[in-house]
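Chain and residue survey
As a plain string of letters, each chain reads:
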Amino acid sequence: MEIGRQTPKIIPPLCLGRFHISEDYGFLLPNPLMPLLDVQFLQGYKEQRLAHLVLSAIAMGYVWQEGETQPKEVLPRNLALPLVEVSRTLGLPPILVHADLVLANWTKRNPEGLLEISNLDTIIAFPGGQSLEGFVLVTVLVEKAAAPGIKALAQAVNALLQSNQDDLLHALQRLRLSIQGITRVLGQMHDYVDPDIFYAVIRIFLSGWQDNPAMPSGLIYEGVSSSPLKYSGGSAAQSSVLHALDEFLGIQHSKESAAFLYRMRDYMPPSHKAFIEEISSVPSLRELAENSGPGQCLTSYNQCVEALAELRSYHIAMVTRYLIIAASKARSQRPNHLPGPPKALEARGTGGTSVLSFLKSVRDKTLAAILKPSGAMQSPP
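Remember, it's a predicted structure, so these values are computed and weren't measured experimentally. (Residues numbered from 1 in each chain as written. Predicted model: local features only at pLDDT ≥ 70, side-chain atom pairs only at ≥ 80, totals over all residues. Heavy atoms only, no water.)

1. Some details on the overall build of the protein
- The number of helices and strands found in the protein is 13 helices and four strands.
- The proportion of buried residues among the 381 residues of the protein is 48%.
- If you take every contact in the protein between residues at least 6 apart in sequence, the share linking residues at least 24 apart comes to 75%. (Helix = DSSP H or I, 4+ residues; strand = E, 2+ residues; numbered from the N terminus. Buried < 20%, exposed > 50% of the residue type's maximum accessible area, 1.4 Å probe, protein only. Contact = heavy atoms within 4.5 Å.)

2. Examining helix α8 (residues 240-249)
- Judged by how many residues are buried, α8 sits mostly within the fold: nine of ten residues are covered.
- For α8, the complete set of buried residues consists of Ser240, Val241, His243, Ala244, Leu245, Asp246, Glu247, Phe248 and Leu249.
- Those residues of α8 that are buried are in contact with α4 (129-161), α5 (165-186), α9 (255-264), α10 (270-280), α11 (285-292) and α12 (296-332).
- Looking at the residues trailing α8, positive phi occurs at glycine 250, about 75°.

3. Concerning α12
- In a regular helix each residue adds 1.5 Å, so 37 residues correspond to 54 Å; α12 covers 53 Å between its end C-alpha atoms and thus fits that length.
- Remark: the principal bend of α12, roughly 35°, maps to threonine 320. (Expected span 1.5 Å × (residues − 1). Bend = angle between axes of the 7 residues up to and from the residue.)

4. Regarding the environment of leucine 356
- As for its placement among the helices and strands, leucine 356 is situated in helix α13 (residues 355-368).
- Along the chain, leucine 356 and leucine 323 lie 33 residues apart, while their C-alpha atoms are 9.5 Å from each other.
- Apart from residues lying up to four places away in sequence, leucine 356 is in contact with Ile316, Val319, Thr320 and Ile324.

5. Concerning the confidence of the model for the protein
- The share of residues in the protein with pLDDT of 70 or more is 90%, and the mean pLDDT across the chain is 88.
- Least confident of the elements in the protein is helix α7 (residues 195-202), whose mean pLDDT is 91; most confident is strand β4 (residues 220-221), at 98.
- This model gives residues 375-381 a pLDDT under 50, and the stretch forms seven contacts once residues within four places in sequence are excluded. (pLDDT = per-residue confidence, 0-100.)

6. Focus: the nonpolar core
- With 107 residues, the main nonpolar core has Trp64, Leu75, Trp209, Tyr221, Phe248 and Leu249 as its most contacted residues.
- Contact partners of leucine 249, with chain neighbours within four places excluded, come to Leu285, Arg286, Tyr301, Cys304, Val305 and Leu308. (Core = buried A, V, L, I, M, F, W, Y, C linked by side-chain atoms within 4.5 Å.)

7. Brief notes about the packing of α8 against α12
- Look at α8 against α12: their axes get within 11 Å of each other, and the N-to-C directions meet at 145°. The element α8 and its partner α12 pack so that their crossing is left-handed. Along its contact with α8, which presents Leu242, Leu245, Asp246 and Leu249, the element α12 presents Tyr301, Cys304, Val305, Leu308, Leu311 and Arg312.
- For the contact of α8 with α12, the per-class residue count stands at eight nonpolar, no polar and two charged. (Axes fitted to C-alpha atoms, helices over the stretch in contact; angles between N-to-C directions. Left-handed = near helix turned anticlockwise from the far one by under 90°. Nonpolar A, V, L, I, M, F, W, Y, C, P; charged D, E, K, R; others polar.)

8. Some remarks on the packing of α12 against α13
- Their axes nearest at 9 Å, the elements α12 and α13 cross at an angle of 165°. Comparing their axes, α13 and α12 come out roughly antiparallel. Judged by the sense of rotation from one axis to the other, the crossing of α12 with α13 is left-handed. On α13, the residues that touch Val305, Leu308, Ala309, Arg312, Ser313, His315, Ile316, Val319, Thr320, Leu323 and Ile324 of α12 are Val355, Leu356, Leu359, Lys360, Val362, Arg363, Thr366 and Leu367.
- Of the residues contributing to the contact of α12 with α13, the split by class is twelve nonpolar, four polar and three charged. (Parallel < 35°, antiparallel > 145°, perpendicular 65-115°, else oblique.)

9. Some details on the environment of leucine 219
- Its place among the elements puts leucine 219 in the loop between α7 and β4.
- When its relative accessible area of 0% is taken as the criterion, leucine 219 is described as buried.
- Expressed as a C-alpha distance, the spacing of leucine 219 and valine 74, which sit 145 residues apart in the sequence, is 5.8 Å.
- Discounting residues that sit within four places of it in the chain, leucine 219 has contacts with Val63, Lys72, Glu73, Val74, Leu75, Trp209, Pro228 and Leu229.

10. Digging into the packing of aromatic side chains
- Tallying each qualifying case throughout the model produces five aromatic pairs.
- Taking 5.9 Å as the distance between ring centres and 90° as the angle between the ring planes, the aromatic pair formed by phenylalanine 198 and tyrosine 322 counts as edge-to-face. Of this pair, phenylalanine 198 sits in helix α7 while tyrosine 322 sits in helix α12, and the two are 124 residues apart along the sequence.
- Ring centres 6.0 Å apart and planes at 85° place the aromatic pair tyrosine 221 and tyrosine 231 in the edge-to-face group. Taken together, the residues tyrosine 221 in strand β4 and tyrosine 231 in the loop between β4 and α8 connect sequence positions ten residues apart. In this pair, the class of tyrosine 221 matches that of tyrosine 231, namely buried.
- Grouping aromatic residues by their ring pairs yields a cluster made of Phe135, Phe198 and Tyr322. (Phe/Tyr/Trp six-rings, centres within 6.5 Å; stacked < 30°, edge-to-face > 60°.)

Next comes the structure, spelled out in structure tokens:
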């Protein structure tokens, strides 16, 4: 045997397929259209929620890619079918909702860092740059600010069930502080979101195909239905926070506003909707406060209602700046770097309501819920 002689390297025949190269198309990917996704491989609730976020965001981008003047009327089957399938599994509609855009659309840059806007990123983004990111992430922080209040609400419900007035009063104090905290955090929107960009660029991608003059017939989900389907776009009315507060505090809205709000509950995760319905079945805090007469219970109840009314008044001021004033400015002097002002939802929210009249109605009904001590004149609702 000769020293140093090496065994020849065996080289397999050169096969293009081994390198994902096509004999007919070369380096091109043959038939690159996305194959039909199979959602059965998703493992568990969190993966399903992430899939709904991704698929619904792609759908919004596809439908509104040319703006409101040329929306797509058919969602392709290889997007429509998996979106509808995962939506049915989750009990959500096949469109981008608040539970997607906000509740499931954030991640920490530093996992060990604080939940604050400097340490947050969105998972999915639309056109709008920093303003879009700010809009989503400030709303994430609003939901986080509501967490102590939701916890206090649950404690208050348990105190009601146990007829424990001390625990109830402490829980109502924490609830009031949380509502006030929500209002303060909402104010950060002014620091991170440009009204012109929100109105002219971002809003269209949050818009749906129900009560929207740009898509009066709705959207055909190919492979699902031959007839167009109609769904509302994402809306703050889909946040479970205000619904839970209204139920707990016994706020009664007008027939029209209540109908819209109840419809928006179908755009929430079913477990969140069930939580709200559970609150409505417990003993009434409002009746207890009303029957208890002047005292701590009545005062604490009214303080919570007043804080909620202040939050809604602040929201009205914000919508006025980001929608009404921005729309007027866009009509009169459009910035050169922005597209033409959207007209279909000019005075409507992305959920399809006449936004200011709706918000003023729910604010006014909240104010009307403030209780007067026995014997005092009650203001009309």
